[in-house]
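Remarks on the overall topology
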Amino acid sequence: MSDHDYRPKSKVGQWFNDRLPLLTLANHLTDYPTPKNLNYWWTFGGILTFCLITQIVTGLTLAMHYIAHADMAFESVEHIMRDVNYGWLIRYIHANGASMFFLAVYIHIFRSLFYGSYKSPREIIWILGIIIYLLMMAAAFMGYVLPWGQMSFWGATVITNLFSAIPLVGEGIVTWLWGGYSVDNPTLTRFFTLHYLIPFLILGLVVLHIWALHVPGNNNPIGIDIKKPSKDTVPFHPYIVIKDGFALLMFMIVFAFFVFYAPNILGHADNYIEANPMVTPAHIVPEWYLLPFYAILRSVPDKLLGVVAMLSAILILAVLPWLDTSKIRSAVFRPLYKQFYWILVADVLILGYVGAMPAEGLYLLIARVATTYYFLHFLVILPVLGFKEKTIPIPLSITEPVLGGNPNLAMAKQKESKIE
Amino acid sequence: MSEKKTKRRDFLFTATTAVGAVGAAAVVWPMIDQMNPDASVKALASTEVDVSTLTPGNTLTVLWRGKPVFIRRRTQEEIDEARKVKMEDLIHPEKDEDRAKNPEWLVMLGVCTHLGCVPLNDKGDYNGWFCPCHGSHYDTSGRIRKGPAPWNMEVPKYEFVNANTIKIG
């Protein structure tokens, strides 16, 4: 790589860089050769970095006013909303920021699914991403407990009780997690500690995620290996920086809409009632971003198997690079996979919808069909498709379809000869 | 290298590793155990409840160890209904006679054994309790009859201190 030969121009820069090569790193990041055909679906990595920083900054400021105690947590959140200068703004950014974070991460994940970004040689990037996603869910869940409203309390009760499904040691583990015989003050204080810790773990993993990305370089919409640097690449700065920056601005408009015009639309009214261990709200639902997995949990009539199914639905993603047997990355050249991809998108949206509905009658039936299909997609359709599917020939370089006007090599050549 | 020397090194290596492992375990256990219920939580282990005002067909809910406890003074119909159920119809077979020693009084944790919600009184297909979270139905003895919960609602250790007072725990 060219950045290894980098030498700062100034004497001071050289002196510093010989001792700590930070300037070499900065040069690598600005010159980093990026495929020139990246579309806007590739801007969500930058958007997610922004989301993480936003959550950390607003979280730190909220922690200056929040009190992690079962008797005072609910009041201290109201204190933030009413008394603290701009407390309402900071809390609404943090609460809606979580939703925006998940919105962006789902787009980021489904982009990888469409363009096959999880395939060799990018498996480690993908697995790091899945670990980040799991930590995000843990952080979001524990953060939701902190205001100590009814949904906080009963959400915490239901989720921690998932561990009681483990044979023999389950009850002991749940008591250990609670630090008592029910969700109470010891639970709240440890959740606060972990909620504070996890974002920094995520930050560390993001560094590894990007590091692992910079080894093979970005995948691209046509999913072919490209030479770097070459006619097929542009330097990260200014090309990608400008594009990412513009996409981030568009994203922030959506973000600001929720913060200023609909700050509570993604939450539940029940969470403005203080936690009461004697009364369970009539209808417990998790936040929208966990609904598909909640639907899978409820679609299995057995407690242990329900928990196993829910966890498998997430962990199955970690082995996706080996379940998808096709050598072709991008769905652009996989006519059958492209259709199954959109069916999967619909399937997950349906699971999310029925997860918000009561688990009975038709909803339960739909949830069961959708759960079955979800596993079928990963365990049967993807492995078989790699062998059966007739793919479209892939181009040799990014430049070729751009100049030829068609991703198909033979057709592009034909056109070129006609022009001549 | 002589054979004798290798043996001495092996011994030192194994002994050092063993001491290190025991030391690490001795430090890790307190870090794990500190999360278990502390002395102040354990101290709240029992509670006494005055049930003199409870009339048949009504339920009193009290908090014990942070969890609701249902004290139900059952009517004769409820007792009859609970006692005539056949064992083979039950998901978690338990005789009503074992759950309510004094048939008029049913004392149990008001916690659904699925994921810990508080079931609602006088609801569900079996005239007992119904859990709104994931739809578990319990009968007049608090036994699971339908839905995802695996067990009957738990009967805690309790006793009548006198005719009007129940001590739970």
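Here's what I pulled together on the structure shown here. (Residues numbered from 1 in each chain as written. Chains lettered and ligands numbered in written order. Predicted model: local features only at pLDDT ≥ 70, side-chain atom pairs only at ≥ 80, totals over all residues. Heavy atoms only, no water.)

**A short note on the overall build of chain A**
Secondary structure summary: chain A contains 17 helices and 2 strands in total. Computed over C-alpha atoms, the radius of gyration of chain A comes to 24 Å, within 12% of the 22 Å expected from 2.2 N^0.38 for 420 residues, which places it in the range of a compact globule. Taking the principal axes of its C-alpha atoms as reference, chain A extends roughly 80 × 60 × 45 Å. Across chain A, the fraction of contacts at a sequence separation of at least 24, relative to all contacts at a separation of at least 6, is 78%. (Helix = DSSP H or I, 4+ residues; strand = E, 2+ residues; numbered from the N terminus. Rg over C-alpha atoms; globule rule 2.2 N^0.38 Å. Contact = heavy atoms within 4.5 Å.)

**Concerning the nonpolar core**
A:Phe102, A:Leu113, A:Tyr133, A:Trp148, A:Phe293, A:Tyr374 and A:Phe378 are the most contacted members of the largest nonpolar core, which has 122 residues in total. Not counting the four nearest positions on each side in its chain, A:Phe102 is found in contact with A:Tyr133, A:Met136, A:Met137, A:Ala140, A:Trp288 and A:Tyr289. By size, the runner-up hydrophobic cluster in this structure holds 13 residues, among which are B:Val69, B:Val107, B:Leu109 and B:Ile168. (Core = buried A, V, L, I, M, F, W, Y, C linked by side-chain atoms within 4.5 Å. Buried < 20%, exposed > 50% of the residue type's maximum accessible area, 1.4 Å probe, protein only.)

**Thoughts on the sheet that holds strand E4 (residues 105–109) of chain B**
Residues and elements named next belong to chain B. If you walk across this open sheet you meet the 3 strands as E2-E3-E4, and the pairing is antiparallel. The open sheet terminates on both sides in strands that have one partner only, identified here as strand E2 (58–64) and E4. Taking the axes of each pair of neighbouring strands and ignoring which way they run, one obtains an average angle of 20° across the sheet. (Pairing = 2+ DSSP bridges. Axes fitted to C-alpha atoms, helices over the stretch in contact; angles between N-to-C directions.)

**Observations concerning helix H3 (residues 44–63) of chain A**
All names here are of chain A. With 20 residues, H3 should reach 28 Å at 1.5 Å per residue; the first-to-last C-alpha distance of 28 Å fits that figure. Along H3, the residues that are buried comprise Phe44, Ile47, Leu48, Cys51, Leu52, Thr54, Gln55, Ile56, Thr58 and Leu62. Where H3 is buried, its residues touch helix H4 (73–82), helix H5 (87–115), helix H9 (185–214) and helix H10 (236–261). (Expected span 1.5 Å × (residues − 1).)

**Quick look at a negative patch on the surface**
A cluster of acidic residues, A:Asp71, A:Glu75, A:Asp184 and A:Glu274, forms a negative patch at the surface. Along the polypeptide, A:Glu274 turns up in the loop between H10 and helix H11 (291–299). (Patch = residues over 30% accessible without salt bridge, like charges linked within 9 Å, V, L, I, M, F, W, Y side chains within 5 Å. Areas by Shrake-Rupley, 256 points an atom, 1.4 Å probe, with all protein chains shown as cover. Salt bridge = Lys/Arg side-chain N within 4 Å of Asp/Glu carboxyl O. Lys, Arg positive; Asp, Glu negative; His and termini not counted. Charge placed at Lys NZ, Arg CZ, Asp CG, Glu CD.)

**Comments concerning the pattern of salt bridges**
For the coordinates displayed, the defined rule picks out 15 salt bridges over all chains. Across the pair A:Glu78 and A:Arg82 runs a salt bridge whose closest N-O atoms are separated by 3.0 Å. Of this pair, A:Glu78 and A:Arg82 both sit in helix H4, 4 residues apart, which is roughly one turn of the helix. You can call A:Arg82 exposed: its relative accessible area is 65%. A salt bridge links B:Arg83 to B:Asp96; the shortest N-O distance between them is 2.7 Å. Here the residue B:Arg83 occupies a position in helix H3 (residues 76–83), and B:Asp96 occupies one in helix H4 (residues 96–99), the gap between them amounting to 13 residues. Residue class for B:Arg83 comes out partly exposed when judged on its relative accessible area of 29%. Three or more residues joined by partner-sharing salt bridges are found here, namely A:Lys119, A:Asp324, A:Arg334 and A:Glu389.

**Some words on the interface of chain B and chain A**
With 27 residues of chain B in contact, the opposing surface of chain A contributes 26 residues. Taking both sides of the interface into account, the surface hidden between chain B and chain A amounts to around 2,300 Å²; carbon and sulfur atoms contribute 64%. On the chain B side of the contact with chain A, B:Met35, B:Leu115 and B:His134 bury the most area, a combined 27% of that side's loss. Connecting chain B to chain A are 0 salt bridges. Run the count over chain B and chain A and you get 9 residue pairs in polar contact (both at pLDDT 80 or more). The set of elements that each furnish at least two residues to the side of chain B that touches chain A consists of helix H2 (39–43), E2 and strand E3 (67–73) of chain B. (Buried area = accessible area lost by both parts, 1.4 Å probe. Polar contact = N/O pair within 3.5 Å; in protein donor to acceptor, adjacent residues only side chain to side chain.)

**Concerning the side chain of B:Arg143**
All names here are of chain B. By the element assignment, arginine 143 lies in the loop between strand E7 (136–138) and strand E8 (144–146). Given the relative accessible area of 0%, arginine 143 is considered buried. Engagement of the side chain of arginine 143 in a polar contact is seen with the backbone oxygen of glutamate 94, the distance being 2.7 Å. Excluding its chain neighbours within four sequence positions, the residues that come into contact with arginine 143 are Ala82, Val85, Met87, Leu90, Glu94, Lys95, Asp96, Arg99, His137, Tyr138 and Asn152.

**Quick look at empty space enclosed by the protein**
Under the defined criterion, the tally for this structure stands at 3 cavities of 30 Å³ or more. If you go around the largest cavity, you meet 14 residues; those closest to its centre are A:Trp154, A:Thr157, A:Ser182, B:Lys67 and B:Gly116. Only helix H7 (150–161) of chain A together with E3 of chain B provide two or more residues apiece to the lining of the largest cavity. At 4 residues, H7(A) tops the list of elements feeding residues into the lining of the largest cavity. When the residues that make up the lining of the largest cavity are grouped by side-chain class, the tally is 8 nonpolar, 5 polar and 1 charged. (1 Å grid on protein atoms, 1.4 Å probe; cavity = no way out; pocket = protein on both sides within 12 Å on 5 of 7 lines; lining within 4 Å. Points joined across faces, edges and corners; volume = space filled by probe spheres on them. Nonpolar A, V, L, I, M, F, W, Y, C, P; charged D, E, K, R; others polar.)

**Quick look at the pairing of E2(B)**
Residue and element names in this part refer to chain B. Of the pairings in the sheet, the one linking E2 to E3 comprises 7 bridges and is antiparallel in character. Following the sheet pairing, leucine 60 is matched in E3 by isoleucine 71. Once E2 ends, the chain turns through 2 residues before running back antiparallel as E3, passing arginine 65 with a positive phi of about 55°.

**Here's the deal with the packing of aromatic side chains**
Residue and element names in this part refer to chain A. Summed over the entire model, instances satisfying the criterion amount to 31 aromatic pairs over all chains. For the ring pair phenylalanine 192 and tyrosine 196, a centre distance of 6.0 Å and an interplane angle of 80° mean the geometry is edge-to-face. A residue pair is termed a helical-turn pair when its members lie 3 or 4 positions apart in one helix, as phenylalanine 192 and tyrosine 196 do in helix H9 at 4 residues. A relative accessible area of 37% places tyrosine 196 in the partly exposed class. Through a chain of ring-to-ring contacts, the aromatic side chains of Trp42, Phe110, Phe114, Tyr115, Tyr337, Tyr341 and Trp342 assemble into a single cluster. Seen from the ring of tryptophan 42, arginine 111 lies directly overhead, with NZ or CZ sitting 4.5 Å from the centre. (Phe/Tyr/Trp six-rings, centres within 6.5 Å; stacked < 30°, edge-to-face > 60°. Lys NZ or Arg CZ within 6 Å of the ring centre and 35° of its normal.)

**Some points on the environment of A:Phe340**
Summarising the element assignment, A:Phe340 is placed in helix H14 (residues 335–356). Sequence separation between A:Phe340 and A:His377 is 37 residues, and the spatial gap between their C-alpha atoms is 7.8 Å.

**Quick word on the sheet that holds strand E5 (residues 120–121) of chain B**
Residue and element names in this part refer to chain B. An order of E5-E6-E7-E8 is seen for the 4 strands of this open sheet, with the pairing classed as antiparallel. The two strands at the open ends of the sheet, each matched to only one other strand, are E5 and E8. Note: E5 against strand E6 (residues 129–131), 2 bridges, orientation antiparallel. Directly across from asparagine 121, in E6, lies its bridge partner tryptophan 129.

**A look at the pairing of strand E10 (residues 165–168) of chain B**
All names here are of chain B. Pairing of strand E1 (residues 47–50) with E10, which is carried by 4 bridges, proceeds in the antiparallel orientation. Pairing of valine 49 across the sheet is with isoleucine 166, part of E10. Where strand E9 (residues 158–162) lies against E10, 4 bridges are found, and the strand directions are antiparallel. In the strand pairing of E10, glutamate 159 is matched with lysine 167.

**Observations regarding the environment of B:Ile79**
All names here are of chain B. Relative to the helices and strands, isoleucine 79 is located in helix H3. Distance from isoleucine 79 to glutamate 97, taken between C-alpha atoms, is 9.7 Å for residues 18 residues apart in sequence. Ignoring anything within four residues of it in the chain, the contact list for isoleucine 79 reads Arg74, Pro103 and Glu104.

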